[in-house]
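# A look at the structure
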Amino acid sequence: MAAARKARARATVIGAGIVGVCCAAYLQREGFEVEIIDPEPPGTQCSFGNAGGICPGSCVPNAMPGILRKVPGWLSDPEGPLHIRLAYLPQALPWIVRFLRTSRRDRVEAIAAAMRALHRLTFECYEPLLKAAGLEDLVERHGQLFAYASPEGVDRDSYGLDLRRRHGVRVEILDEDELRQLAPALSRQFKRAVYLPEQGQCRNPGRLVEGLAAHVVGNGGSIRRARVQDFELGSGGVKALLTDAGRIEVERVVVAAGAWSGPLARKLGNPVPLESERGYHAMVLGADAEIGLRMQTIWAERKFVATPMEMGLRFAGTVELAGLGAPANMRRADLLLRQGREMFPGLAGESVSRWMGHRPGLPDSIPVIDRSLRHRNVFYAFGHGHQGLIGGSVTGKLVAEMAAGRATSIDLTPYRIDRF
């Protein structure tokens, strides 16, 4: 009698965003039987509404030297890049203090190195997933443009530009004529720009996650709609997930639940300072958005992003601290739309969609990618903040390598969960 086929090892991924789905896809490639657990369909939360950048040169932390002087002005400016709801300030304050402390130059240098080490592999790690799922059309590599309304803006950002150069990122400084050639629809108030030719973007992040998840299911994986509420522990680690849809037995667990990962990590004995950096977008839809913009373009001073997508022109940016439970304030999205029309004065059309989502932000701008020291069958993959789409593919590969017991492609020391 032929020997019985050996059962495949199982891995359960909590989270159906870009990070969780990439973890599932790479775990499958390592031979694991995979299940994804999430209360919402794949790609419908934070991954749905992001600005779409896929940027291997993203290595400039959110907190840079001198930021402490800027924060009061941002908070007093209704159109500034940072808004904190007053009632939430006491809860957010410890996170804000940690965030500001990371702006010391020595910390910035270490954080930039960790960001670059992770992000430089983004296209390389997406390539096999996109090819297998037939989604190669969704990723474009036209570069990324930072436009400055102030002639002195480029000089003021010299430290950040030097930081990129020292980490091997190509940086080109453009004058007004060169800027017009790349973005002719841009307002005449913009005089100079920085062009990063190696960057890229996704034309529809929600469809990307949905398509990768469908490919995981097509390869024998499964997706279960449930919210994980707690864990059942045994001698070998986590034995089962306790969800609103019942108990789910597990062998290996990946916590990749985005902004909802903090409470789960705390239940497993690993409290982390994870905050929802609530982000908004407004999109001008259809033919009205056709202004000839080919690449993601950032209004550098306002930290405001415009990205051409297959559905229209998306305006995104700004951070709101108000927690996971507060209702959306769509005036923040309307603000983005007003800034977008100022940025592109020829933009027509009244067909607009608005959205809010929860970015999972850690104070030092880098995620947690680690194996639990308490429960050896638990792996963490969360906290990517504004760079989830960039770091998703690489994180998936790293988690699969850890789960398979192989050496990881990069040193994971900077991403440890116990660094805080």
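Just so it is clear, the model here is predicted, and its values are computed rather than measured.

For the rest of this paragraph, the subject is the overall build of the protein chain. When helices and strands are tallied, the protein chain shows 13 helices and 21 strands. A compact globule built from 420 residues should have a C-alpha radius of gyration of about 22 Å, and the protein chain, at 21 Å, falls within 12% of that. When its C-alpha atoms are laid out on the principal axes, the protein chain stretches across 75 × 45 × 40 Å. Sorting the 420 residues of the protein chain into buried and exposed places 57% on the buried side. A separation of at least 24 residues holds for 76% of the contacts in the protein chain among residues at least 6 apart in sequence. Carbon and sulfur atoms make up 51% of the accessible area of the protein chain, which amounts to about 17,600 Å² in all. Here the protein chain contributes 54 positive and 45 negative side-chain charges, whose respective centroids are spaced 4 Å apart.

Moving on to helix α5 (residues 105–119). Taking 1.5 Å per residue as the helical rise, α5 with its 15 residues ought to reach 21 Å, and the 21 Å between its terminal C-alpha atoms agrees with that figure. Of the residues making up α5, those classed as buried are Val-108, Ile-111, Ala-112, Ala-114, Met-115, Arg-116, Leu-118 and His-119. On its buried face, α5 sits against α6 (122–133), α8 (158–166), β20 (368–371) and α13 (388–403).

Its location among the elements puts Gly-383 in the loop between β21 (378–382) and α13. In this structure the C-alpha to C-alpha distance between Gly-383 and Glu-277, which are 106 residues apart in sequence, comes to 10 Å. Excluding residues within four positions of it along the chain, Gly-383 makes contact with Leu-274, Pro-360, Leu-362, Ile-366 and Pro-367.

We now examine the pairing of β20. Here is the key point about a regular strand: its side chains alternate between the two faces of the sheet. One ladder, built from four bridges, connects β20 with β21; its direction is antiparallel. Residue Asp-370 lies in a different strand from β21, and its bridge partner there is Tyr-380. Two successive antiparallel strands, β20 and β21, enclose a turn made up of six residues.

Once that is clear, we can look at the side chain of Thr-395. Note on placement: Thr-395 falls in helix α13. Here the side chain of Thr-395 touches Gly-391 through a polar contact of 2.7 Å, landing on its backbone oxygen. In this view, Thr-395 contacts Val-19, Cys-23, Leu-118, Ile-369, Ala-381 and His-384; residues no more than four positions away in its chain are not counted.

With 53 residues, the main nonpolar core has Ile-18, Leu-27, Leu-208 and Val-254 as its most contacted residues. Counting residues per element, the ones that place at least two in this core are β1 (10–14), α1 (18–29), β2 (33–38), α5, α6, α10 (205–218), β21 and α13. The greatest single-element share of this core, amounting to nine residues, is contributed by α1. Residues within four places of Leu-208 in sequence aside, it is in contact with Ile-18, Tyr-126, Leu-130, Leu-135, Leu-138, Cys-202 and Leu-389. In this structure, Ala-193, Val-284, Met-343 and Phe-344 belong to the second largest nonpolar core, which totals 29 residues.

Now for the layout of surface pockets. Reported here for the second largest pocket is a volume of approximately 300 Å³. Lining the second largest pocket are 16 residues; nearest its centre among them are Tyr-88, Gln-91, Arg-266, Leu-274 and Glu-275. Breaking the lining of the second largest pocket down by element, the ones donating at least two residues are α4 (89–101), α11 (261–267) and β15 (275–285). Looking at the lining of the second largest pocket, the element that brings in the most residues is α4, giving four residues.

The subject of this paragraph is the pattern of salt bridges. Pairs can form between side chains of opposite charge whenever their charged atoms are close. Considering all chains together, one arrives at 25 salt bridges under this definition. A salt bridge links Glu-232 to Arg-247; its shortest N-O distance comes to 2.7 Å. Placement of Glu-232 in strand β11 (residues 228–234) and of Arg-247 in strand β13 (residues 246–249) is noted, with a sequence separation of 15 residues between them. For Glu-342, the salt bridge is made with Arg-302, and the minimal N-O distance between the two is 3.4 Å. Residue Glu-342 is found in helix α12 (residues 331–343), and its partner Arg-302 is found in the loop between β16 (296–299) and β17 (304–309); the two are separated by 40 residues along the sequence. Residue classification places Glu-342 among the partly exposed positions, given a relative accessible area of 33%. Among the residues examined, Arg-302 registers a relative accessible area of 24% and is labelled partly exposed.

Per the counting criterion, the structure on display carries five aromatic pairs. Ring plane angle 20 degrees and centroid distance 5.7 Å describe the contact between Phe-304 and Phe-315, whose orientation is recorded as stacked. Residue Phe-304 is found in strand β17, and its partner Phe-315 is found in strand β18 (residues 312–321); the two are separated by 11 residues along the sequence. In this structure, Phe-304 and Phe-315 share a single accessibility class: buried. Pairwise contacts between aromatic rings join Phe-304, Phe-315 and Phe-344 into one cluster.

To continue, consider a positive patch on the surface. On the surface, a cluster of positive charge is contributed by Arg-69, Lys-70, Arg-156 and Lys-303. Its location among the elements puts Lys-303 in the loop between β16 and β17.

Turning to empty space enclosed by the protein, a few remarks are in order. All told, the structure shown has two cavities of 30 Å³ or more when counted by the stated rule. As a volume, the largest cavity reaches approximately 50 Å³. Around the largest cavity, the lining residues are Ala-114, Met-115, Leu-118, His-119, Ser-365, Ile-366, Pro-367, His-384 and Gln-387. A class-by-class count of the residues in the lining of the largest cavity yields five nonpolar, four polar and no charged. Within this model, the second largest cavity holds a volume of roughly 30 Å³. For the second largest cavity, the full set of lining residues is Asn-62, Glu-277, Gly-361, Leu-362, Ser-365, Gly-383, His-384, Gly-385, His-386 and Gln-387.

Thresholds, definitions, all that
Think of each chain on its own: its residues are numbered from 1, step by step along the sequence as written. For a predicted model such as this one, the threshold for reporting local features is a pLDDT of at least 70, and the threshold for listing and counting side-chain atom pairs is 80 or more; totals across whole chains, interfaces and linings nevertheless cover every residue. To get the side-chain values, all heavy atoms of the structure are used, and hydrogens and water are removed first. Each helix corresponds to a stretch of at least 4 residues labelled H or I by DSSP, and each strand to a stretch of at least 2 residues labelled E; elements are numbered beginning at the N terminus. This radius of gyration counts C-alpha atoms alone. The globule rule is 2.2 Å times how many residues there are, raised to the power 0.38. Relative accessibility decides the category of a residue: with a 1.4 Å probe and only protein chains considered, values under 20% of the type maximum give buried, values over 50% give exposed, and everything between is partly exposed. Here a residue-residue contact requires only that any non-hydrogen atoms of the pair lie within 4.5 Å. Areas reported as accessible are Shrake-Rupley estimates using a 1.4 Å probe. Residue values count occlusion only from the protein chains shown. A positive count includes Lys and Arg, and a negative count includes Asp and Glu. His and the chain ends are not counted in either. Think of each charge as sitting on NZ of Lys, CZ of Arg, CG of Asp or CD of Glu. One fewer than the residue count of a helix, multiplied by 1.5 Å, yields its expected span. Strands qualify as paired when DSSP identifies two bridges or more between them. N or O atoms within 3.5 Å of each other form a polar contact, as long as, within protein, one can give a hydrogen and the other can take it, and as long as residues adjacent in sequence are counted only when both atoms are side-chain atoms. The definition of a nonpolar core used throughout is a set of buried Ala, Val, Leu, Ile, Met, Phe, Trp, Tyr and Cys residues joined through side-chain atoms within 4.5 Å. Each cavity reported here is a set of points on a 1 Å grid over the protein atoms alone in which a 1.4 Å probe fits but cannot get out, each pocket an open set with protein on both sides within 12 Å along at least five of seven lines, and each lining residue one with an atom within 4 Å of a point. Grid points are joined across faces, edges and corners, and a volume is the space filled by probe spheres set on the points. Salt-bridge detection follows one rule: a side-chain nitrogen of Lys or Arg within 4 Å of a carboxyl oxygen of Asp or Glu. Aromatic contacts are taken between Phe, Tyr and Trp rings whose centres are within 6.5 Å, Trp giving its six-membered ring; a plane angle under 30 degrees counts as stacked, one over 60 as edge-to-face, and the others as tilted. Surface patches are defined over residues having more than 30% relative accessible area and no salt bridge, joining like charges when they lie within 9 Å and nonpolar side chains (Val, Leu, Ile, Met, Phe, Trp, Tyr) when within 5 Å. Polar here means any residue outside two lists: the nonpolar Ala, Val, Leu, Ile, Met, Phe, Trp, Tyr, Cys and Pro, and the charged Asp, Glu, Lys and Arg; Gly therefore counts as polar.

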